[in-house]
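Listed below are the residues making up each chain.
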Amino acid sequence: MPETLVLVDHDAGAPKKVSNQILTAARQLGAGGVAAALLGPGASDAAEKVGAFGADTAYTWDDPDAQQYDTEPETAALVAAIESSGASIVLYPADPFITDIVARAAVRTGGGVIGDATDLELDDDRVVATKAIFGGDMISRCHVVGDRPQFIGVKPNAFSAEEGGDGSAQVVPLDVSLPETARRAEIVEVHEEESGGRPEMTEASIIVTGGRGLGDASGFETIEQLADTLGAAVGASRAATDAGWYPHQHQIGQTGKTVAPGLYIGCGVSGAIQHRAGMQTSQRIVAINKDAEAPIFSIADFGVVGDLYKVIPPLIEELEKRQQ
Ligand SMILES: Cc1cc2nc3c(=O)[nH]c(=O)nc-3n(C[C@H](O)[C@H](O)[C@H](O)COP(=O)(O)OP(=O)(O)OC[C@H]3O[C@@H](n4cnc5c(N)ncnc54)[C@H](O)[C@@H]3O)c2cc1C
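Let me begin by describing the structure that accompanies this report. (Residues numbered from 1 in each chain as written. Predicted model: local features only at pLDDT ≥ 70, side-chain atom pairs only at ≥ 80, totals over all residues. Heavy atoms only, no water.)

### Remarks on the side chain of Ser19
This is how it is decided: Secondary structure counts use DSSP, requiring at least four H or I residues in a row for a helix and at least two E residues in a row for a strand, with both numbered from the N terminus. Any two residues whose heavy atoms approach within 4.5 Å at even a single point are treated as in contact.
Tracing the backbone shows Ser19 in helix H1 (residues 17–29). Setting aside chain neighbours within four positions, we find Ser19 in contact with Val8, Asp9 and Pro93.

### Observations regarding the nonpolar core
What counts here: Nonpolar cores were defined as sets of buried Ala, Val, Leu, Ile, Met, Phe, Trp, Tyr and Cys residues, with membership established by side-chain atoms within 4.5 Å. Here the term buried applies to any residue with accessible area under 20% of the maximum for its type, exposed to any over 50%, and partly exposed to those in between, with areas from a 1.4 Å probe on protein chains only.
Counting residues in hydrophobic clusters, the biggest one holds 32 residues, and the most contacted among them are Val6, Leu23, Leu38, Val50, Leu91, Leu120 and Ile152. Those elements giving two or more residues to this core turn out to be strand E1 (2–8), H1, strand E4 (33–39), helix H2 (43–47), strand E6 (89–93), strand E7 (112–123), strand E8 (126–133) and strand E10 (150–154). In terms of residues, this core owes the most to one element, H1, which gives 6 residues. Apart from the residues lying within four places of it in its own chain, the contact partners of Leu91 are Thr4, Leu5, Val6, Leu7, Ile22, Ala26, Leu120 and Ile152. Residues Leu7, Ala37, Tyr59 and Ala76 belong to the second largest nonpolar core, which totals 26 residues.

### A closer look at the layout of surface pockets
Where empty space is left becomes clear once a probe the size of a water molecule has been rolled over the atoms. Definition in use: In this analysis the probe radius is 1.4 Å and the grid spacing 1 Å, with only protein atoms considered; a cavity is a set of points the probe fits into but cannot get out of, a pocket is an open set with protein on both sides within 12 Å along at least five of seven lines, and lining residues have an atom within 4 Å of a point. Grid points are joined across faces, edges and corners, and a volume is the space filled by probe spheres set on the points. Note that the domain bounds reflect an automated or database-derived domain assignment.
A volume near 1,600 Å³ is recorded for the largest pocket. For the lining of the largest pocket, the secondary-structure elements that each account for two or more residues are strand E2 (10–11), E6, helix H4 (96–109), E7 and strand E13 (233–236). Per-element accounting of the lining of the largest pocket gives the leading share, 3 residues, to H4. Built from parts of two domains, the lining of the largest pocket gets at least three residues from each of domain 1 (2–173) and domain 2 (206–323). In this structure, the second largest pocket encloses a volume near 490 Å³. Considering the residues around the second largest pocket, the lining is formed by 25 residues, among which Arg212, Ser237, Gly268, Val269 and Ser270 are closest to the centre.

### Points about the pattern of salt bridges
For clarity, the cut-off: Each reported salt bridge corresponds to a side-chain nitrogen of Lys or Arg within 4 Å of a carboxyl oxygen of Asp or Glu.
Scanning the entire structure with this criterion turns up 13 salt bridges. For the salt bridge of Glu121 with Arg141, the shortest nitrogen-to-oxygen distance reads 2.9 Å. Highlighted residues: Glu121 in strand E7 and Arg141 in strand E9 (residues 138–142), separated in sequence by 20 residues. On the basis of relative accessible area, Glu121 is assigned to the partly exposed category, the value being 36%. Assessed through its relative accessible area of 54%, Arg141 is described here as exposed. Bridged by salt links that share partners, the residues Glu72, Asp100, Arg104, Arg108 and Arg184 form one connected network.

What follows is the structure, encoded as structure tokens:
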């Protein structure tokens, strides 16, 4: 009987990188078997891919009427997956859409929720999660008390995805009976923001971020050039997005996206606490700032004190030389 259920986020039948990371984390946790819950359009296709990352069983729900991110039906399907698997631990990607579903499923199953975990360990049958609190000023270790299941949201890139399952999961279609009230919303249009061919920030293993130190919007051309050399996503501070230099969906921080890439490069970013809240769990932080006293240097693994326009072009040149 699987002990850990991973809610797999997938895109048109392809599990997202974060889902493979969490399946790997579930396997490493060693709480017993690992099951995957795949909900919405493309669930069956995605189910074929979760075995490679360690899922023994894949619970699928791709009702022909299912819409991506339809809260009520997906909540009912997640509850059905929890009941069918008997899982006491539910791991999910810490993402606002998924948290919406998980919060409701937790209420219905009497469970407790911990979001934004960056590390997991097992203490008997409880999961102890590590997470940043108070805007990243403190690190806490916490576990769910009282009723089970334990719902733990895992931040993207907190774990690396490593294959390790036997390659195929047993697929179990869920039988979800939806009351009429579960169909109270209809998605009439989905507008995908242009990514410009770059990875999505929460999926990227490298993010190059520009701040007010760029001076004006044209500075983002330099940031994009560096990002493209590294195959990275582009992030921005709120000062840069508020100034209209870069779209708001690229904002990192307390009121922007939370990211945890393998490598974060902050260029002309001071490292205000609200910005740090969204990026300080990055595995490696590199800062380029002309002010040696900038707060970002206190959390940076590597820092360059200098004018970003003098530092970045030779950096790009050197990277391109090494890639040849
Ligand atoms: C409620 C609230 C929520 C907020 N949420 C967020 C959030 O989600 N994300 C966020 O980012 N901010 C957020 N902020 C804003 C935050 O407090 C800072 O104002 C913001 O992060 C500053 O952005 P910045 O570092 O780009 O700009 P600045 O603080 O102006 O820093 C610019 C840096 O660039 C350096 N610099 C200047 N020129 C150069 C150059 N040529 N080369 C190299 N370095 C140079 C300067 O030394 C400076 O350190 C929030 C604020 C509040 C009150």
